[in-house]
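# Summary of structural features
The chain contents come next:
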Amino acid sequence: MEEITNVMEYEEIARQKLPKMVYDYYASGAEDQWTLKENRNAFSRILFRPRILVDVSNIDMTTTVLGFKISMPIMIAPTAMQKMAHPDGENATARAASAADTIMTLSSWATSSVEEVASTGPGIRFFQLYVYKDRNVVAQLVRRAERAGFKAIALTVDTPRLGRREADIKNRTCKICKLHSVLLSQLCFFSPPQTSDSGLASYVAGQVDRTLSWKDVKWLQTITSLPILVKGVLTAEDAKLAVQNGAAGIIVSNHGARQLDYVPATITALEEVVKAAQGRVPVFLDGGVRRGTDVFKALALGASGVFIGRPVLFSLAADGEAGVRKVLQMLRDELELTMALSGCTSLKEITRSHIATDWDPPRSLPSSKL
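Every chain begins its residue count from 1, and numbering advances along the sequence as written. Reporting in this predicted model follows two pLDDT cut-offs: at least 70 for local features of residues, and 80 or more for side-chain atom pairs to be given and counted; totals over whole chains, interfaces and linings ignore these cut-offs and use all residues. Only hydrogens and water are set aside when side-chain values are computed; all heavy atoms of the structure are taken into account.

### A few points about unusual backbone geometry
Leaving glycine aside, a negative phi is the common case for residues, and trans is the common case for peptide bonds. Phi at glutamine 33 is positive, roughly 60°, even though this residue is not glycine. Here glutamine 33 is to be found in the loop between α2 (20-27) and α3 (34-41). Despite not being glycine, leucine 53 has its phi angle at roughly 55°, a positive value. Strands are runs of DSSP state E lasting at least two residues, helices are runs of H or I lasting at least four, and both sets are numbered from the N terminus onward. Here leucine 53 is to be found in the loop between β1 (46-48) and β2 (63-65).

Laid out in structure tokens, this is it:
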């Protein structure tokens, strides 16, 4: 494999290596895929305002998330069925995250169990959760995650129904579901449907609870002492409700643009959510991050860190654990360089004044005296 110089290059390698059905499942978005493109394009409309003549000989990228110290504000988002990308699947991702001293979030639809991931060695891990109609299933999953040493629950709240992913419908992705979730199959819960649509849509429609509401966030707090991150917030209104209902943190996410098309890019929605949270809980960004410059922009807009999803899947497909390690290292190196060139030596020094967005009011220049 020739030298990889940036995260985006892994996607083309993955496209060539993976069966079309699998690549499409990982890469596609909902309907017209406008939000999928916008998740990337919106970053390009944010420009830097670098400060010069700052001593940047020592740069500190360490941060703390829910009390856990990590090496950088770049973490791994939950992505489903990673063994479709590589035989080692989530276990390889867990080892790479641990080596990078950062957090991995394991999907409810993982192809490795929480116990298997825990057995890969030490590491800070969160567990992503959907709320199913059968609350006993939810309670079992949470208890298993707790016993396996997972440190937080990332509750996904933007999926009362599955978005319309037309690539999956064309590919009849019900065949993919035969690589079904280890976690759910072990609970005798998951049976891949044989239908004319994407298959996955029918499964979700049948099992995920459409009545999910804020009262269920409260209920979840009664069955676990783990902090709960609410994943899928895009508005100030919901950010305020998340805080009021006891969320330990908020993840600004549009589900990788796989749910409702024509919602804003997460980087566009971020600042509104941060302002509404008023510093009472940390706010994280998930979606579209492909460069260290993207990470810096998110931090400048108030994020406490970012989660990456597809870059992990594509690098895993291309080169297994080594690929995921390389992605994390490249993003770390790019963030460090961006901080140096912007005149920031620690994350707390990254401020809103370091960027200019296309929604900012025009800056007034001081008038000069003649």
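That was the structure; now back to the text.
### Comments concerning the UniProt feature "binding site: glyoxylate" (unreviewed entry) in the chain
The residues that UniProt annotates with the feature "binding site: glyoxylate" (unreviewed entry) are Tyr25, Arg165 and His255. Annotated residues spanning 231 residues; largest pairwise C-alpha distance 13.3 Å, indicating a single compact cluster. Two residues qualify as a contact provided that any one of their heavy atoms is within 4.5 Å of a heavy atom in the partner residue. Setting aside residues no more than four positions away along its own chain, arginine 165 makes contact with Gly29, His255, Arg258 and Gln259. Side-chain polar atoms of arginine 165 contact the backbone oxygen of arginine 258, separated by 2.9 Å. With respect to the helices and strands, histidine 255 occurs in the loop between β9 (249-253) and α12 (266-277). Judged by its relative accessible area of 12%, histidine 255 is buried. UniProt positions are given in the numbering used here, feature names are shortened, and annotations may be inferred rather than shown by experiment. We define a polar contact as two N or O atoms separated by no more than 3.5 Å, with the added condition that, inside protein, one atom must be a possible hydrogen donor and the other a possible acceptor, whereas residues neighbouring each other in sequence contribute only through side-chain atom pairs. Residue burial is assigned from relative accessible area. The probe radius is 1.4 Å, only protein chains are included, and a residue is buried under 20% of its type maximum, exposed over 50%, and partly exposed in between.

### Considerations on the packing of aromatic side chains
The geometry of an aromatic ring pair comes down to the distance between the two centres and the angle between the two planes. Between 30 and 60 degrees the pair is tilted, below 30 it is stacked and above 60 it is edge-to-face, where a pair is any two Phe, Tyr or Trp rings, Trp via its six-membered ring, whose centres lie within 6.5 Å. Throughout the structure, instances matching the rule amount to seven aromatic pairs. Here the aromatic rings of phenylalanine 48 and phenylalanine 296 are separated by 5.4 Å at their centres, their planes lie at 80°, and the arrangement is edge-to-face. Of this pair, phenylalanine 48 sits in strand β1 while phenylalanine 296 sits in helix α13 (residues 292-300), placing them 248 residues apart in sequence. For phenylalanine 48, a relative accessible area of 29% corresponds to the partly exposed category. A centroid spacing of 6.3 Å and a plane angle of 90° characterise the contact between phenylalanine 127 and phenylalanine 150, whose relative ring orientation is edge-to-face. Of this pair, phenylalanine 127 sits in strand β6 (residues 125-129) while phenylalanine 150 sits in the loop between α6 (135-147) and β7 (152-156), and the two are 23 residues apart along the sequence. Grouping residues by exposure puts phenylalanine 127 and phenylalanine 150 together as buried. Geometrically, a charge over a ring is one whose NZ (Lys) or CZ (Arg) sits within 6 Å of the ring centre while staying within 35 degrees of the ring normal. The ring of tyrosine 25 has arginine 258 sitting right over it, with the charged end atom 5.0 Å from the ring centre. The side chain of lysine 297 reaches across the aromatic face of phenylalanine 48, ending 5.3 Å from its centre.

### Describing the environment of leucine 241
Locating leucine 241 in the fold gives a position in helix α11 (residues 236-244). On the basis of relative accessible area, leucine 241 is assigned to the partly exposed category, the value being 30%. Sequence separation of leucine 241 and tryptophan 214 is 27 residues, and the distance between their C-alpha atoms is 8.0 Å.

### Remarks on the side chain of threonine 357
Take threonine 357: it is sitting in strand β12 (residues 355-357). Classification of threonine 357 as buried rests on a relative accessible area of 8%. Apart from residues no more than four positions distant in its own chain, threonine 357 is found in contact with Arg45, Ile46, Leu301 and Arg352.

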